[in-house]
Amino acid sequence: MRAPVSWIREYVDLPEEVSSEKLAARLTALGLKLEALEQAGGDITGPLVLGRVLSFDDEPQKNGKTIRWCQVDVGDANGTGDPQGIVCGASNFAVDDLVVVVLPGGVLPGGFEISARKTYGHVSSGMICSARELGLGEDHDGIMVLSADAGAPGDDAFDALHLRDEVIELEINPDRAYALSLRGIARDAALGFGVPFTDPAARELPEPNGSGHPVEVEAPDGCPVFVTRTVTGFDAAAPTPDWIARRVQQAGMRPISLAVDVTNYVMLELGQPIHGYDGDKLSGPIRVRRATEGERLTTLDGVTRTLSAEDVLITDDTGPIGLAGVMGGQTTELSSTSSHIVIEAAHFDPVSIFRTQRRHKLPSEASKRFERGVDPTLPEAAADRVADLLVAHGGGTVSDGVTKVGSAPAARSVRMPLDLPARVTGMDISAETTVAHLRAVGGEVEVEGEHLTAVVPPWRPDIADPFDLVEEVARVVGYDDIPSVLPTAPAGKGLTNEQRLRRRVGRTLAGAGFVEVISFPFVGVGAFDALGLDEHDDRRTAMRIANALSAEQPFMTTTLLPGLLDTAARNAGRGQIDVALFETAAVTLPRGTTPAPILPVDRRPTEGEWDDLQKALPEQPLHLAVVLAGERERSGWWGAGRRAGWGDAIQAVREVASALGVEITVRSSSRAPWHPGRCAEVLVGDVLLGHAGELHPRVCKAFGLPERSAAAEVDLDVLMRHATPVVAPSLSSFPVAKEDVALVVAADLPAVAVADALREGAGELLESVRLFDVYTGAQIGEGKKSLAFALRFRAPDRTLTEEEITAAREAAVAAAVRRHDAVQRT
Amino acid sequence: MSGPNTDYDPVEVTPLKAAEVEAVRDAALVAIEAAGSLDELRQVRLDHAGDRSPLALANREIGALPPQARKEAGQRVGQARGAVAKALAARQVVLEEEHEARILVDEAVDVTLPWDRIPTGARHPVTMLSERIADVFVAMGWEVAEGPLVEAEWLNFDALNLGPDHPARTMQDTFWMEPVENAIVLRTHTSPVQARTMLTREPPIYIVCPGRVFRTDEYDATHSPVFHQVEGLVVDEGITMAHLKGSLDHFATSMFGEGITTRFRPSYFPFTEPSAEVDLACFVCRGVDSEHCRTCKGEGWIEWGGCGVVNPRVLVACGVDPDRYTGFAFGMGIDRTLMFRHGVADLRDVFEGDVRFTAAFGTEI
Ligand SMILES: [Zn+2]
């Protein structure tokens, strides 16, 4: 809401020394937040004066244009008193007209510097200004022509044009709809400085007599009050007085015509939206009713709208003529010839207006106010004010008829313990202060023992609860007085186990050279295709967002890989080819399609209701994914690096599992988007954690990743669920016995199976077994490979004898031979 | 030690003469001094102190001398051998030192060569800042609460006093899941976590909820459809706005340094009443000479978030007795805090995953 300071001051007896900055700061402290403090013409400098046109010659130019070579009297403003010669492109003025002249040396908005310059064969010493050039609005007709009494030639134009007027732009919160008017802002300004307030809505009003334009309200729930007044003999061509146009313009609306400007002016002044009808186009009484489903109305903006049965509609004998409180219709629109004006000032149900506005995507100045709540006692005063202004500036007469259907709802009362403001704010607020501030805000207050009852003023429909009264008291006392006191929480337990484990996962991966990323969880079919998921893949079953930002990504993702692979590719595109990335985030796995219940809010949900709500939500397990592209170990002056591969992806999972104290098993698998021969599934016991390995070559290509990029994705929730605390190993100080064995086995036998056999056969003397070489070649034979393992034996209580070591080694080998037909190489 | 000499050869006795012994000794000393390397010294040792060296041979002769001559000859040869041995040892030390010094010089490397064979990892600054914030509150005994991103409409709105026709509901630009009738949304704030906490445990409640939230904002330098919030909730007996102010002042000081506190301005949120906007005192200029401050843009204050006293209607919907308990809540943007705390100019840097951005933050913030 933009409020000209001079307009605020009209209703508040603010001391001169209160600057606009001070006023804005005080309003901000009261809850009307300063957005900007502007000065009309604040970016104009230099000589800007009034001038009288003495004479001019119209000079047609070769380019088809006609320019005017003008002699303008600018008094002594040019230092000589001689007429000023100025070339002007406009022709909407006559000799003797008073115009606005910027002399050489002046600067207009946009840093446009004016100097005497040669143009069209003359030296033009300055410029005759249009409203647009002065930043005062959009004009269509050319330069500004002022009324003859605006001043004398040579007068400073800043005053004449009110160019130094200050405008405070305030951000109005939804609960302070009253401040969408000068009346409301001025009321808070008066409150803030403790000075008297003059209510512009306080007027002598004629009694309603039912003889204005007839009105029938068939939907009183949607329209509690409807007032009409009528003006006849109005001159539709009469100009809007400068002060109205200027204020409307300063408040951010466009001056259009006297009738429209007056209705806007009164809306800005009082907060009551007004609608004007061309009375000659109305046939029969105005009827207010709910629309019938599918009914149609062409609104002022020229759009034909299909209505819903919930819309409140204004109709006459011809059918719909307006969407109540939102926008009028075309058929009864005021025009440049309307001389018979029917003024509507009504009160509409906020919820109804809100829904209609939202349904038709038609936010308007009127709907903005109605949906937040307008003072329901205003319609009569507002209609009367409009009628007065119309007649004062456009002639004609106000008819005696005043129609008023319905009445404002009774004022609401709120009861509150007297000490509640002190108890809630922690400030030292006495009962007297509370009562005084609530009265200052506008409520009538009665004290009864330990409680007060406040009658809520009609312009404050937001006040419904005792805590609303607390805020009113607190804002007047001032939030700056709230003391700072640390509350004492009971002894806490610190982070949960899962929260600590999650931090550990991040640190482990960062320590291993991975960089964490955060991706958007939105995904599309294109990404599923690029991953090579077949049509039955469960990851294609995703929740769809009804209003996704991008039609290409309408789903909540079921896998972190698309985001991560895209991010790796983006890095590659920016020259960072060698990357190792990780992300931990929830994925969304739909289950069922039961709706989430909308539960009551006046009590705690029952257990059953709570369960139903939980069950309606999708599963959202936390996933961990990594991707590696390019070199895992860099090439350098030391020689070749090492390209990232399937093993790095699996190792990342192993390291995370190990950091969490989880024993995992890895076995060969085949699943998109991985290379079918280079994909591992990772398990904890029998529970599948996820997959890791080299990406399928087609996937690398589809995402624009380097060849042989690798990735992993696991369910981190499952992994963390299996985390176990570390049990300290008991360390034997007896010597270790190291034995190497090489075993020839079938080429497709997993190494881990051989290691398992060795471990089992070796028995408890075995400390560790580690594969250190894999060899294939002619020596070994077709379809075979040789695996070399380093075994370490140690006993907790003695030095092992040669015989014990040999026996253990042979037992290990024997198990591998028995189980996998292994042949020991010697 | 050689055994007694049994085959005495009088011809060989000549070296035992004093002049001869001295000459042999001197020749040895000269050769030792002349040895330029450990290898040369090894040869000199063989030649002058080895088994076949003149002094060794002379030593062997001693036994063959008549007893009256043995003592004198023995002394003479012994002294000569001692001198040679001592010179050898001394020379050995010198040459070894020289050798070692030469090798170390030869082995010198260019220590300025890079050794970045394994790239450095990093954690995301938003993750780290969330943790850092959580730690401030955990240190006060609060706990960290979390909840789902895909959330029931009732928890995201209704339970928080945002009824279906509340104007604020459209302000939030919500992502709705299909079918819309199923009343499931992407949470627009972390407040549903507060509601969940109140619904599942008894006061006193002291929690902080960092997390990811969603609004249908177009993606640009200062807006993102995905962003992060941290909210706090306290529900206890006798809680006031002063406790809210105290908690936020402590939060501000912990994150931005001594003396950095907050200021409240009246505002509006459906879930709190009274409500306030929180401004953070500018931690860069501290309100001094603010006009030139790029962080607060001349204000001396930075808009930080919103807060207020939990609306009793929210307490009722969440099963908390509003006559016994009061509460406060606050919320601020983590990404926004990251932006002004660390001078991030473009919010998109936070979400695009450029490793240059994230790596700059390392593993602790
Ligand atoms: Zn600053």
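The residue numbers shown here count from 1 along each chain, following its written sequence. In the order they appear in the text, chains get letters beginning with A and ligands get numbers beginning with 1. Local features in a predicted model are, by the rule used here, given only for residues with pLDDT of at least 70; side-chain atom pairs are given and counted only at 80 or more, and totals for whole chains, interfaces and linings are based on all residues. For side-chain calculations, the full set of non-hydrogen atoms in the structure is used, while hydrogens and water are omitted.

A. Region of the structure containing the overall build of chain A. A run of H or I in DSSP becomes a helix once it reaches four residues, and a run of E becomes a strand once it reaches two; helices and strands are each numbered from the N terminus. A tally of helices and strands in chain A yields 21 helices and 43 strands. Computed over its C-alpha atoms, the radius of gyration of chain A comes to 41 Å, more than 25% above the 28 Å expected for a compact globule of 826 residues. Dimensions of chain A, computed from the C-alpha atoms along their principal axes, are close to 125 × 85 × 55 Å. Burial statistics for chain A: of 826 residues in total, 51% are counted as buried. For this measure, only C-alpha atoms enter the radius of gyration; the expected value for a globule follows 2.2 Å times N^0.38, where N is the number of residues. Each residue is assigned to one of three classes by its accessible area relative to the maximum for its type, calculated with a 1.4 Å probe on protein chains only: buried under 20%, partly exposed between the two thresholds, exposed over 50%.

B. Broad picture of the environment of A:L791. Residue and element names in this part refer to chain A. With respect to the element layout, L791 can be found in strand β42 (residues 784–793). The buried category is assigned to L791, whose relative accessible area is 1%. Note on contacts: a residue pair is in contact if any heavy atoms of the two residues lie within 4.5 Å. Those residues in contact with L791 that lie beyond four places of it in its chain are A737, K738, E739, D740, V741, L758, L766, S768, V769, R809 and A812.

C. Highlighting the sheet that holds strand β38 (residues 687–695) of chain A. Residue and element names in this part refer to chain A. In short, DSSP must find at least two bridges between two strands for them to pair. Read from one edge of the open sheet, seven strands run β29-β32-β33-β39-β38-β37-β36, paired in mixed fashion. Sheet topology places β29 (515–516) and β36 (665–669) at the edges, where each strand pairs with a single neighbour. Bridge count between β36 and strand β37 (residues 674–684): five bridges; the pairing is antiparallel. Across the sheet, V666 pairs through a bridge with V682, a residue of β37.

D. How the structure looks around the pairing of strand β40 (residues 737–746) of chain A. Residue and element names in this part refer to chain A. The buried fraction of β40 is high, at seven of ten residues. Sheet analysis places β40 next to β42, joined by ten bridges and oriented antiparallel. Paired with V745 across the two strands is K785, which belongs to β42. Relative to strand β43 (residues 823–825), β40 runs antiparallel, the two sharing three bridges. Note that in β43 the partner of V744 across the bridge is V823.

E. Highlighting the packing of helix α5 (residues 242–250) of chain A against helix α6 (residues 258–270) of chain A. Residue and element names in this part refer to chain A. Where α5 meets α6, the axes come as close as 10 Å, and the angle between the chain directions of the two elements is 60°. Of the possible angle classes, the one that applies to α5 and α6 is oblique. Considering only the axes of α5 and α6, their crossing is left-handed. Residues W243, I244, R247 and V248 of α5 touch α6, and the partners they reach there are D261, V262, Y265 and L268. Here the nonpolar group is Ala, Val, Leu, Ile, Met, Phe, Trp, Tyr, Cys and Pro; Asp, Glu, Lys and Arg are the charged ones; every other residue, Gly included, is treated as polar. Each residue belonging to the contact of α5 with α6 can be placed in one class, and the counts come to six nonpolar, no polar and two charged. To obtain an axis, a line is fitted to C-alpha atoms, over the contacting stretch when the element is a helix, and the angle between two such axes runs from 0 to 180 degrees between their N-to-C directions. With respect to orientation, any angle under 35 degrees is reported as roughly parallel, any angle over 145 as roughly antiparallel, any angle of 65 to 115 as roughly perpendicular, and every other angle as oblique. With the far helix as reference, a near helix turned anticlockwise by less than a right angle produces a left-handed crossing, and one turned clockwise produces a right-handed crossing.

F. Region of the structure containing the sheet that holds strand β1 (residues 2–4) of chain A. Residues and elements named next belong to chain A. Strand order in this open sheet of three strands is β1-β13-β2, and the pairing throughout is antiparallel. Strand pairing shows two members of the sheet lacking a second neighbour, β1 and β2 (33–39), which therefore form its edges. Mean inter-strand twist for the sheet, computed between neighbouring axes without regard to direction, equals 25°. Sheet topology places β2 next to strand β13 (residues 166–171); six bridges connect them, and they run antiparallel. Bridged to K33 within β13 is E171.

G. Structural detail: the nonpolar core. B:W142, B:F251 and B:F330 are the most contacted members of the largest nonpolar core, which totals 123 residues. If sequence neighbours within four positions are ignored, B:F330 has contacts with B:F137, B:W142, B:Q194, B:V230, B:E231, B:G232, B:L244, B:L248, B:F251, B:G306 and B:C307. Judged by nonpolar contacts, the second largest core, of 81 residues, contains A:I8, A:I341, A:I343 and A:L378. Here, nonpolar core refers to any group of buried Ala, Val, Leu, Ile, Met, Phe, Trp, Tyr and Cys residues whose side-chain atoms link them within 4.5 Å.

H. Local environment of the interface of chain A and chain B. Tallying the contact residues gives 101 residues for chain A and 110 residues for chain B. Taken as a group, A:Y479, A:I518 and A:R604 account for 8% of the area that chain A buries against chain B, more than any other trio of residues on that side. Salt bridge, as used here: a side-chain nitrogen of Lys or Arg that lies within 4 Å of a carboxyl oxygen of Asp or Glu. Viewed at the interface, chain B and chain A are joined by ten salt bridges. B:D354 is the salt-bridge partner of A:R574, the closest N and O atoms lying 2.9 Å from each other. Polar contacts here mean pairs of N or O atoms no more than 3.5 Å apart (in protein, one a potential hydrogen donor and the other a potential acceptor; neighbouring residues in sequence count only if both atoms are side-chain atoms). Inspection of the chain A/chain B interface yields 42 residue pairs in polar contact (both at pLDDT 80 or more). Accessible area that two parts lose when put together, evaluated with a 1.4 Å probe and summed over both, is termed the buried area.

I. Quick peek at the confidence of the model for chain B. Residue-level confidence of the predictor is summarised by pLDDT, bounded by 0 at the bottom and 100 at the top. Looking at chain B, pLDDT values average 91 and 94% of them are 70 or higher. Reported confidence for the predicted complex is 0.87 by ipTM and 0.87 by pTM.

J. Quick peek at the UniProt feature "domain: B5" (unreviewed entry) in chain A. UniProt positions are given in the numbering used here, feature names are shortened, and annotations may be inferred rather than shown by experiment. The feature "domain: B5" (unreviewed entry), as given by UniProt, occupies residues 409–484 of chain A in the numbering adopted here. Secondary structure over residues 409–484 of chain A splits into 38% helix and 20% strand, and the C-alpha atoms at its two ends are 42 Å apart.

K. Examining a nonpolar patch on the surface more closely. What makes a patch is a set of residues exposed beyond 30% relative accessible area and free of salt bridges, joined within 9 Å when like-charged and within 5 Å when nonpolar (Val, Leu, Ile, Met, Phe, Trp, Tyr). Only the protein chains shown count as cover for residues, and the accessible areas themselves come from Shrake-Rupley with a 1.4 Å probe. A cluster of nonpolar side chains, A:W637, B:L113 and B:W115, forms an exposed patch at the surface whose accessible area comes to about 370 Å². As for its position among the elements, B:L113 is in the loop between α4 (67–106) and α5 (125–138).

L. Inspection of the packing of helix α1 (residues 18–34) of chain B against helix α2 (residues 38–49) of chain B at higher detail. All names here are of chain B. Running from amino to carboxyl end, α1 crosses α2 at an angle of 170°, the nearest separation of the two axes being 9 Å. By the angle between their axes, α1 is roughly antiparallel relative to α2. Contacts between α1 and α2 involve A27, A28, A31, I32 and A34 on the former and, on the latter, E40, L41, V44 and H48. Here the residues of the contact of α1 with α2 are counted per class, giving seven nonpolar, one polar and one charged.

M. Seen up close, the packing of aromatic side chains. Between rings of Phe, Tyr and Trp, where Trp is taken as its six-membered ring, a pair exists when centres lie within 6.5 Å; planes separated by under 30 degrees are stacked, by over 60 edge-to-face, and by other angles tilted. Under the counting rule described, the total for this entry stands at 27 aromatic pairs over all chains. Plain terms: the ring middles of B:W142 and B:Y206 are 5.9 Å apart, the flat faces sit at 70° to each other, and that makes the pair edge-to-face. With B:W142 in the loop between α5 and β1 (143–144) and B:Y206 in strand β4 (residues 205–214), this pair connects stretches of sequence that are 64 residues apart. Pair check on accessibility: B:W142 and B:Y206 agree, each one buried. We call a charge positioned above a ring when the Lys NZ or Arg CZ atom is no farther than 6 Å from the ring centre and deviates by at most 35 degrees from the ring normal. One cation-aromatic arrangement involves A:R68 over A:F93; the distance from NZ or CZ to the ring centre is 4.8 Å.

N. Representation of the coordination of the zinc ion in the model. Residue and element names in this part refer to chain B. Coordination shells were defined by N, O and S atoms within 2.8 Å of each metal, extended to 3.2 Å for Na, K and Ca; water is absent from the atom set, which can make sites look incomplete. Coordination of the zinc ion by the protein comes from C282 (SG), C285 (SG), C293 (SG) and C296 (SG), over a distance range of 2.2 to 2.3 Å. A four-donor site is classed as tetrahedral when every donor-metal-donor angle falls between 85 and 135 degrees; four donors are called square planar, and six octahedral, when trans pairs exceed 155 degrees and all remaining angles lie between 65 and 115, with any other arrangement labelled irregular. Because the angles between the four donor atoms bound to the zinc ion fall within 105 to 116°, the donor set is best described as tetrahedral. Site description for the zinc ion: donor spacing in sequence, C-x2-C-x7-C-x2-C. Taken together, the residues span a long stretch of sequence, with C282 in the loop between β7 (272–281) and β8 (301–310) and C293 in the loop between β7 and β8 at a distance of eleven residues.

O. Up close: the pairing of strand β39 (residues 710–715) of chain A. Residues and elements named next belong to chain A. Burial analysis of β39 places six of its six residues in the buried class, the great majority of the element. A two-sided burial pattern is seen for β39, the buried positions comprising A710, A712 and V714 on one face and A711, E713 and D715 on the other. Here strand β33 (residues 622–629) runs beside β39; their pairing, made up of six bridges, is antiparallel. By the bridge assignment for β39, L624 is matched with V714. Of the pairings in the sheet, the one linking β38 to β39 comprises five bridges and is antiparallel in character. By the bridge assignment for β39, A692 is matched with A712.

P. Geometry of the domain arrangement of chain B. Throughout, the edges of the domains are those of an automatic or database domain assignment. By domain assignment, chain B separates into domain 1 (14–106) and domain 2 (125–359). The straight-line distance from the C-alpha centre of domain 1 of chain B to that of domain 2 of chain B is 90 Å.

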